[in-house]
Amino acid sequence: MAAPETTTPQDDELDLRELLGTLVDHKWLIGIVTSMFLVLGVGYAVLGTPIYEADALVQVEQKVPNLPGLSAITQTLGASSSEATTEIALITSRSVIGKAVDELGLQIETAPYHFPVFGGWVARHFVADSAAEVASPLMGLSRYDWGGSRLDIFQMKVPAPLEEKKLVLVAGERGSYTLYYSGDAVLTGQVGHIANGHGFSMQVRELLANPGTHFEVIHHTALAVINQLQLDINASEQGKDSGIIQLSYDHEDSDLAAQLLDHVSQAYVKQNVDRNSAEAASSLTFVREQLPRIRLDLDKAQSALNAFQTKARSVDITLQTKGLLDQAVAIETSIQQLRMQQADMERRFTAQHPAYKALLEQISQLQAQKSGIDKQVGGLPDTQQELLRLTRDVEVLNATYTGLLNQAQQLDIARAGTVGNVRVIDPAAVDISKPAKPKKALVVIGGTFLGAFLAVAFVLLRQMVRRGVEDPSAIEQLGLSVYASIPSSVAEKQSFLQGRRGRSDGSQKLLAINAPVDLAVEALRSLRTSLHFARIEAKNNILMISGASPGAGKTFISANLAAVIAKGGQRVLLIDGDMRKGALCSVIGGRPGTGLSELIAGQITLEQAVRVVPDAEGLHFISRGNVPPNPSELLMHARFGELLEALKSKYDLIIIDTPPILAVTDASVIGHHAGTSLLVVRFGLNQAKEIALAKQRFEQNGVQIKGAVFNAVERRATGYYSYGYYEYGSSSG
């Protein structure tokens with residue numbers, strides 16, 4: 001019968017049932033990892049340092065325009081909306097935060113050493129009877145703070161290269177201390193006194209600690225502290241265009257958090273007042289410069305009007321001219337005010353600024369209205385036209401002058417005042433009864449879910465990466481008949497693997513002898529039955545057992561199959577054909593000593609090489625011997641074939657354990673002498689492509705693989721566990 005066509009199973013399709021089965025198979029691993037993360041979450045929630053949140057509210061009011069006409073322009077630009085976006089940037093600016101850093105001395109960071117894991121929790125829960133009481137060291141560990149220790153450094157200077165570096169201050173007796181860097185003492189001082197040395201200068205205001213307590217001290221650069229606070233301080237507007245800004249800051253020291261926000265908000269308010277005062281002073285200077293000029297123009301206009309009236313002998317304005325005059329005065333007054341504002345804006349903005357462009361647009365619109373009035377005035381008598389022009393000039397200049405006087409008074413008040421357009425609504429406050437972090441319930445639940453997710457991801461990823469064969473049908477699709485599926489054996493792992501790791505005591509570790517009712521041994525009996533019929537048409541009684549790669553378990557299969565067949569009343573010879581790394585001695589017992597390599601080389605006789613396996617009647621063994629420099633050449637020597645020919649008639653079955661075919665070619669050489677060849681495939685280890693390549697390698701060398709043994713099969717939730725074996729109460733031969 002023709003051998004079935006070798007195919008590679010399609011394993012790229014997503015099998016949800018298989019994935020679910022994989023998770024069920026590894027439920028203990030997932031459960032353990034999830035439980036560990038649950039415990040860690042609970043531990044962190046209980047032992048973690050509480051973080052408190054300070055918050056404050058600041059209101060930003062719309063600025064009052066300094067000059068007439070500004071309100072209309074700001075409405076045109078949409079500038080009447082909330083100024084919170086700009087003010088938030090000002091609140092968190094370096095100039096504002098920098099003042100708070102200087103006032104609070106935040107460049108100097110100090111923290112006592114706490115015992116790992118739970119030391120901080122113990123220190124936080126220490127209750128002192130007095131302000132100067134310090135907890136006694138637990139277990140004599142005086143280098144750690146167990147509660148009540150304090151260090152307040154008033155001023156400190158360090159060499160520039162040591163900024164941002166970790167220094168260690170060790171408390172001494174009666175207020176003395178020593179400062180260390182990298183284990184070397186760099187400064188020694190006393191509380192209340194300035195200490196200098198090695199480029200350091202420091203004055204400690206307060207030191208309350210047991211002698212020997214260690215403190216970590218870091219002198220930060222001002223810019224580093226400011227940059228970090230800019231990230232940590234959160235400023236956001238409460239509601240759209242409300243002008244209400246909420247400030248928040250998280251820190252483990254609740255008092256420091258509140259103090260920092262208070263200093264930031266007060267510095268911001270002061271800066272706002274100073275900014276408004278400076279702006280008012282600048283505008284006041286401009287207004288005062290304009291007043292003399294406007295006054296002079298007003299005097300000239302009044303003189304011209306009086307002279308005209310005298311010359312024309314008190315000409316009165318008609319009702320029609322009065323209406324045109326009122327319109328012309330209103331328009332001209334607005335134009336004059338906008339012209340003054342234009343002069344003021346030219347000092348602060350470029351010609352491309354939106355506010356400046358809007359101002360010019362308003363002036364252009366008023367100029368167009370003025371042109372319309374001028375056309376109507378052109379239809380009046382010459383006397384009325386001149387009288388209207390002169391009267392208009394006087395009224396416009398008078399209104400402008402009066403407006404500037406009022407504006408000067410307002411600006412003078414604003415310049416001298418201490419009120420800006422921002423104010424603190426709610427000073428900084430902290431709820432110490434409810435820390436912002438850690439959120440215990442969230443930490444525990446999140447940690448548990450994270451542990452479960454990581455465990456599931458690890459199991460699935462390992463399954464995807466490994467992709468070893470886990471179903472006998474996958475082997476059969478490659479053209480190999482599965483003669484038996486050998487279940488994974490706990491007893492085999494405890495004995496055989498112990499010998500493979502070099503901890504063997506030289507005793508016999510055959511599972512078929514020591515645990516005859518084990519499921520794996522029962523499966524080997526099934527393999528014995530299958531081989532009985534498979535060997536009927538074989539050319540000789542030599543059985544070669546090989547594998548695709550190391551770790552498949554061919555040595556375990558060879559040794560225990562030989563023992564099972566020998567217990568059936570046959571004479572069996574087991575040969576360790578792996579003269580490189582053969583490990584049959586760790587299972588059979590004894591040491592490699594002299595064996596196959598010496599036998600082929602003619603250094604010993606057959607009687608000297610063959611050993612009798614204890615407790616296994618009918619089973620004999622030839623070890624691999626000492627590792628030769630040329631194993632492949634020895635196997636290809638004629639003496640190896642002659643040796644096998646001499647042994648055929650002496651035994652019912654000869655089993656040869658060989659090296660993996662994909663590692664070396666020794667198995668191909670031995671396979672030419674064998675009548676039956678089996679390939680051991682390990683569950684979850686050997687991939688389909690690897691098995692197909694091993695089969696192809698044998699066939700290229702003229703060796704026909706009869707079938708495969710599926711080894712170390714594990715129970716799977718998806719349904720295939722060997723072919724179902726039952727453990728009997730007694731051993732069967």
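Because the structure is a prediction, the values reported are computed rather than measured.

**Q** If you had to explain the overall build of the protein chain to someone new, which residues and values would you point to?
**A** Along the backbone of the protein chain there are 24 helices and 20 strands. For the protein chain, the proportion of its 733 residues judged to be buried stands at 44%. In the protein chain, of all internal contacts separated by at least 6 residues, the share reaching a separation of at least 24 is 80%. Per element, the accessible surface of the protein chain, about 37200 Å² overall, is 54% carbon and sulfur.

**Q** Which residues make up the pairing of strand 8 (residues 200-208), and what values do they have?
**A** Burial analysis of strand 8 places seven of its nine residues in the buried class, which makes it a mostly covered element. In this sheet, strand 8 lies alongside strand 3 (residues 150-157) in antiparallel orientation, the contact comprising seven bridges. The residue of strand 8 that forms the bridge with Ile153 is Val204. Here four bridges tie strand 7 (residues 194-197) to strand 8, and the two strands are oriented antiparallel to one another. When the sheet's bridge partners are listed, Ala195 is paired in strand 8 with Met202. The turn joining strand 7 and strand 8, which pair antiparallel and follow one another in sequence, is formed by two residues; a positive phi near 55° is taken by His198.

**Q** Explain helix 7 (residues 222-232) residue by residue, including any values.
**A** Those residues of helix 7 that sit buried are Val225, Ile226 and Leu229. Taken down its axis, helix 7 places every buried residue within 95° of arc, on the same side.

**Q** Give a description of the side chain of Thr178 that names residues and reports values.
**A** In this structure, Thr178 sits in strand 5 (residues 176-181). Look past the residues within four positions of Thr178 in its chain and what remains in contact with it is Val168, Leu169, Val170, Ala185, Leu187 and Thr188.

**Q** Tell me what's going on with the packing of aromatic side chains, and back it up with residues and numbers.
**A** With the rule as written, the count across this model stands at five aromatic pairs. Both rings, one in Phe115 and one in Tyr144, keep their centres 5.4 Å apart while their planes meet at 85°; by these two values the pair is edge-to-face. Of this pair, Phe115 sits in the loop between strand 2 (108-112) and helix 6 (119-124) while Tyr144 sits in the loop between helix 6 and strand 3, and the two are 29 residues apart along the sequence. Look at Tyr144 and you get buried, because its relative accessible area is 17%. Site record: aromatic cluster; members linked through ring pairs are Phe115, Phe118, Tyr144 and Trp146. For Arg143, the ring lying beneath its charged end belongs to Tyr144, and the centroid distance is 5.7 Å.

**Q** Can you tell me about the sheet that holds strand 14 (residues 542-547), naming the residues and giving the values?
**A** Spatially, 13-20-19-14-18-15-17-16 is the arrangement adopted by the eight strands of the open sheet, whose pairing is mixed. Sheet topology places strand 13 (482-487) and strand 16 (611-612) at the edges, where each strand pairs with a single neighbour. In the sheet, strand 13 pairs with strand 20 (residues 707-713) via four bridges, with the strands oriented parallel. From the neighbouring strand, Ala484 faces strand 20, where its bridge partner is Val709. Contacting strand 13, strand 14, strand 19 (676-682) and strand 20, helix 16 (residues 519-534) runs over the sheet at an angle of about 170° to strand 13. Most of the contacts of helix 22 (residues 638-648) go to strand 18 (residues 653-657), to which it runs at about 145°, and overall it touches strand 14, strand 15 (572-576), strand 17 (619-622) and strand 18.

**Q** Run through the packing of helix 16 against helix 17 (residues 554-567), naming residues and quoting values.
**A** At their nearest, the axes of helix 16 and helix 17 sit 9 Å apart, and the two run at 75° to each other. Taken together, helix 16 and helix 17 sit at an angle that is classed as roughly perpendicular. Of the residues in helix 17, those touching helix 16 at Ala520, Val521, Leu524, Arg525, Leu527, Arg528 and Leu531 are Phe556, Ile557, Asn560, Leu561, Val564 and Ile565.

**Q** Report on the sheet that holds strand 1 (residues 52-60), specifying residues and quantitative values.
**A** Taken in spatial order, the four strands of this open sheet run 10-11-1-12, and their pairing is antiparallel. Pairing within the sheet leaves two strands with one partner each, and these edge strands are strand 10 (234-237) and strand 12 (422-430). Between one strand axis and the next, the sheet turns by 20° as a mean value, whatever way the strands run. For strand 1 and strand 11 (residues 244-251), the ladder comprises eight bridges, and the chain directions are antiparallel.

**Q** So what about the environment of Thr658? Which residues, and what values?
**A** Here Thr658 is to be found in the loop between strand 18 and helix 23 (666-671). According to the relative accessible area criterion, Thr658 is buried, its value standing at 0%. Expressed as a C-alpha distance, the spacing of Thr658 and Ser558, which sit 100 residues apart in the sequence, is 9.5 Å. Those residues within four positions of Thr658 in sequence are excluded, and the remaining contacts are Met544, Ile545, Ser546, Lys554, Gly577, Asp578, Ala667 and Ile670.

**Q** Which residues make up the confidence of the model for the protein chain, and what values do they have?
**A** With 83% of its residues at a pLDDT of 70 or more, the protein chain shows a mean pLDDT of 82. Counting contacts from residues 64-82, a segment whose pLDDT is below 50, to residues more than four positions away or on other chains yields 36 contacts.

**Q** Give a detailed account of the pattern of salt bridges, specifying residues and quantitative values.
**A** The tally for this structure, following the rule as stated, stands at ten salt bridges. One salt bridge in this structure joins Arg205 and Asp152, with 2.8 Å as the shortest N-O distance. Here Arg205 is found in strand 8, whereas its partner Asp152 is found in strand 3, with 53 residues between them in sequence. By relative accessible area, Arg205 is classed as partly exposed at 47%. We note a salt bridge from Lys166 to Glu216, for which the minimum N-O separation is 3.8 Å. Highlighted residues: Lys166 in strand 4 (residues 166-171) and Glu216 in strand 9 (residues 214-219), separated in sequence by 50 residues.

Here is what the cut-offs are and how they apply
- Residues numbered from 1 in each chain as written.
- Predicted model: local features only at pLDDT ≥ 70, side-chain atom pairs only at ≥ 80, totals over all residues.
- Heavy atoms only, no water.
- Helix = DSSP H or I, 4+ residues; strand = E, 2+ residues; numbered from the N terminus.
- Buried < 20%, exposed > 50% of the residue type's maximum accessible area, 1.4 Å probe, protein only.
- Contact = heavy atoms within 4.5 Å.
- Areas by Shrake-Rupley, 256 points an atom, 1.4 Å probe, with all protein chains shown as cover.
- Pairing = 2+ DSSP bridges.
- Arc of directions from axis to C-beta.
- Phe/Tyr/Trp six-rings, centres within 6.5 Å; stacked < 30°, edge-to-face > 60°.
- Lys NZ or Arg CZ within 6 Å of the ring centre and 35° of its normal.
- Axes fitted to C-alpha atoms, helices over the stretch in contact; angles between N-to-C directions.
- Parallel < 35°, antiparallel > 145°, perpendicular 65-115°, else oblique.
- pLDDT = per-residue confidence, 0-100.
- Salt bridge = Lys/Arg side-chain N within 4 Å of Asp/Glu carboxyl O.

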